[in-house]
Structures are given as C-alpha cells and as structure tokens.
Amino acid sequence: MNYNLKQQAMTYMAGNLTCQEVASIITEYLEDAMPFSTRLRFHLHLGLCFSCRNYLKQMKYTIQTLGKLPTEPIAPEIREELLRRFRHWKKDNP
Amino acid sequence: MVLLRLVYIAFAMPNAFENLDESQVLELLRNGDEATFAQVVDQYSGSLLRLAMAYVPSRAVAEEVVQETWLGVFEGLARFEGRSSFKTWLFTILTNRAKTRGQRESRYVGLAEKTGMDDDDAGTGVDLDLFIQAGTRAGHWIEPPHAWDHGTPERFALSKEIGEQIERAIAALPHTQRQVITLRDLEGVSSEEVCNIMGVTETNQRVLLHRARTRVRKTLASFAKEDSESLQ
Ligand SMILES: [Zn+2]
C-alpha cells in the first residue's frame, strides 16, 4: 500500500479524528463531558495511535502532579491575629 | 527505597479531623472552640492563600483577602447549612472577596472578570506548534509524545525545582485559567463546584481548564524528557 492510501485508511479507521483534534478535545474526554459518538471516535483513534495514548497519559500525569503540589502555610503573625479575632468574635456573640 | 518511603509519608499525613465529620466541626466552631478554629485555619489557609494569589496582584493583598475570608466565616457560620462542603464554602467566600479586591487593586483583573475570558490564545487552545499544519500529514504530531515513566507524578511532586517551575508556569497563566486550574486540579474541586464558585458556565470552565492544562503539561514535558534520557 502506498503511504497516502495507508494513511487514509488509518484515518478512516481512527474515526476521522486527527491527532491535533484528539489533543484539542482531550479535556472533554478527561472531564467526562464528551458525547457518546465522539467518545467512540476518540477511543478508536487511541486504539490505533500510540502517540496520542502517550499524550493522554502525559495529561493524566500532569493532573496528578498538580494534585500533589504542597501549599505554603500562612505567616505566624496572621495566624495569631486570626485566633485573637476568633476569641473576640465569640465574646461579642456568645 | 527512599523515594517510596517519601511517597508513603506524603500519603500517610493524617487529616486533622479524622474522627469528626464536618457538621461536628461546624458545631465546635459555632460554640467558639478555639482549638478547632486553629485546626481549620492550619488546614485550609494555605489553599486559601494559593487561590487568592490567582485573583490579586501581590502576596500581601492575598494575605489580607485570606484574613477577610476567615472574618466572613465567623459572620456566616450561623447561616451555613452545609449544602456544600466546608472547603467549597470557604472558596466561595474567598472568591467573592478576592474578586472585589482584585477589581479595586488592578484594572486588568477587573476587565478580565467582566469578559470572563482574559485569554490571549486564539482558536482551540492546542499548541499548534506541536502539529503539522499543511500537506497530507496535516494534524499529525511533529514530534510524537513519548511515554513518561510510571513514577512521574510522585517524582515531580517531590522535586523542589520542578515544583517551583510548575508554580511559575501557573502564575504566568491568564487569571481565569489560573483560577480554574487551581480549584479543579490543585484543590480537586469538582467541575460543577468550580462553575458555582467562579460563576462561569461549564463550557467556559472546561475551555479555561483545557488551555491551562495544555500549558502546564508543556512545562512538565521538558523535565520528563531529561529524566528518561538520564535513565539511558
Ligand atoms: Zn493520534
């Protein structure tokens, strides 16, 4: 099969989505906001496309990494001030 | 394995209120229990500060917004019915104060809030430079994404340098993108609640999230590459 024909056959089997299109709707997929027919085409493409499978995994790893980012505590003097205010608030609103 | 042990410690961090449900925590707060208040302040202030930074131009102002938020909590405690989680309620109070403050502090944030889209991306929010744009191979990857290895999220999260790079990438995002990704991915708030907190539509929320994630992935990609090469 010549390259073009093979490419066309692949594209057809992959549900006519290009890799660029897959990347552009990946958040719809991950957020579970994709219509059923698109989801089917998305899966078809992934089944045939190693690169987009890797990209999806990268996106998932990115999200997992973001969920692990630590926060910084607030300054101790702000914390003390807040506790003081809480005490006063309770005194004024028993 | 040092790495595994570190990961274990990160997951084994105890929740301050392991044995209390939220309604019990609220009851203690309403009764003026100072130890409980200190615990909620310690547990949530870091997240509040991080979210505030997505709205206002400086850390000093963000810290003030966090203080105002806690004062708002005192005032609202009696009325809070627990229809949302305590955390979502905190984020809602903070967002309202931060918006007001942000509009006062800097005009460009105010403008962004009006349009709801302060995005400089045109089109789909995909890195067009990753794809072939013309010819029979249009829409294909120029450089196909490679596999990141399994421990990637843990390794990224444990690296101070990478953590700082991610924070920098997030700080460089347009404001609304930064707000959405902070709530949805850093804090793990559901997309429905993100919409409620920010007052944006589901579609708008998803577009902003998509653009933000696409940019942050790009930042991480440079580290993942170095990493797999160093294994060879
Ligand atoms: Zn593909």
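Residues numbered from 1 in each chain as written. Chains lettered and ligands numbered in written order. Predicted model: local features only at pLDDT ≥ 70, side-chain atom pairs only at ≥ 80, totals over all residues. Heavy atoms only, no water.

Engineer: What is the right way to look at the domain arrangement of chain B in this model?
Structural biologist: The extent of an interface is frequently quoted as the accessible surface area lost upon association of the parts. All names here are of chain B. Split by domain assignment, chain B resolves into domain 1 (2-109) and domain 2 (117-230). The interface of domain 1 with domain 2 comprises 19 residues on the first partner and 13 residues on the second. Both faces considered, domain 1 and domain 2 share a buried interface measuring about 1500 Å² in area, 61% of it formed by carbon and sulfur atoms. Salt-bridge contacts for Glu 187 lead to Arg 50; the nearest nitrogen and oxygen are separated by 2.9 Å. Summed over the shared surface of domain 1 and domain 2, the result is 9 residue pairs in polar contact (both at pLDDT 80 or more). At the level of secondary structure, the elements contributing two or more residues to the side of domain 1 that touches domain 2 comprise α1 (2-12), α3 (34-52), α5 (86-105) and α6 (107-115). Examining the composition of the side of domain 1 that touches domain 2, we find that 6 residues originate from one element, α5, more than from any other. Across the side of domain 1 that touches domain 2, the residue classes break down as 10 nonpolar, 6 polar and 3 charged. (Domains from an automatic or database assignment. Contact = heavy atoms within 4.5 Å. Buried area = accessible area lost by both parts, 1.4 Å probe. Salt bridge = Lys/Arg side-chain N within 4 Å of Asp/Glu carboxyl O. Polar contact = N/O pair within 3.5 Å; in protein donor to acceptor, adjacent residues only side chain to side chain. Helix = DSSP H or I, 4+ residues; strand = E, 2+ residues; numbered from the N terminus. Nonpolar A, V, L, I, M, F, W, Y, C, P; charged D, E, K, R; others polar.)

Engineer: Sorry, what's going on with the pattern of salt bridges here?
Structural biologist: Proximity of charged atoms lets side chains of opposite charge pair with each other. Inspection of every chain in the model, using the stated rule, returns 22 salt bridges over all chains. Between Arg 79 of chain A and Glu 80 of chain A there is a salt bridge, with its nearest N and O atoms 3.6 Å apart. A residue is classified by how much of its surface remains accessible, and Arg 79 of chain A, at 24% relative accessible area, is partly exposed. In this structure, Arg 101 of chain B and Glu 68 of chain B form a salt bridge, with 3.2 Å as the shortest nitrogen-oxygen distance. (Buried < 20%, exposed > 50% of the residue type's maximum accessible area, 1.4 Å probe, protein only.)

Engineer: Just to check I follow, could you spell out unusual backbone geometry for this structure?
Structural biologist: Note on backbone geometry: most residues besides glycine have negative phi, and most peptide bonds are trans. Residues and elements named next belong to chain A. Of note, the phi angle at Asp 32 is positive, near 60°, even though the residue is not glycine. Positionally, Asp 32 belongs in the loop between α3 (26-30) and α4 (36-48). Among the residues examined, Asp 32 registers a relative accessible area of 60% and is labelled exposed.

Engineer: For this particular structure, what's the right way to read the coordination of the zinc ion?
Structural biologist: Geometry sets the ideal angles at a metal, namely 109.5 degrees for four tetrahedral donors and 90 or 180 degrees for six octahedral donors. Residue and element names in this part refer to chain A. Bound to the zinc ion on the protein side are Cys 19 (SG), His 45 (NE2), Cys 49 (SG) and Cys 52 (SG), at distances that span 2.0 to 2.4 Å. Coordination at the zinc ion is tetrahedral, judged from the 4 donor atoms that bind it and the angles of 104 to 113° they form at the metal. Of note, the donors binding the zinc ion are all from one chain and are spaced C-x25-H-x3-C-x2-C. For His 45, a relative accessible area of 5% puts it in the buried group. Taking relative accessible area as the criterion, Cys 52 reaches 0% and is therefore assigned buried. (Donors = N, O, S within 2.8 Å, 3.2 Å for Na, K, Ca; no water. Tetrahedral: all angles 85-135°; square planar, octahedral: opposite > 155°, others 65-115°.)

Engineer: What should I look at first to understand the interface of chain B and chain A in this one?
Structural biologist: At the interface, 65 residues of chain B touch 46 residues of chain A. Contact with chain A buries area across many residues of chain B, yet Phe 74, Trp 141 and Arg 213 of chain B alone supply 12% of it, more than any other trio. Here chain B and chain A share 6 salt bridges between them. Where Glu 72 of chain A meets Arg 59 of chain B, a salt bridge forms, and the shortest distance between an N and an O atom there is 3.2 Å. For the pair chain B and chain A, the number of links is 17 residue pairs in polar contact (both at pLDDT 80 or more). If you list the elements that add at least two residues to the side of chain B that touches chain A, you get α2 (22-30), α3, α4 (59-77), α7 (152-158), α8 (160-171), α9 (175-186) and α11 (202-231) of chain B. Per element, the largest residue contribution to the side of chain B that touches chain A is 10 residues, and it comes from α3 of chain B. Within the side of chain B that touches chain A, the residues separate by chemical class into 30 nonpolar, 18 polar and 17 charged.

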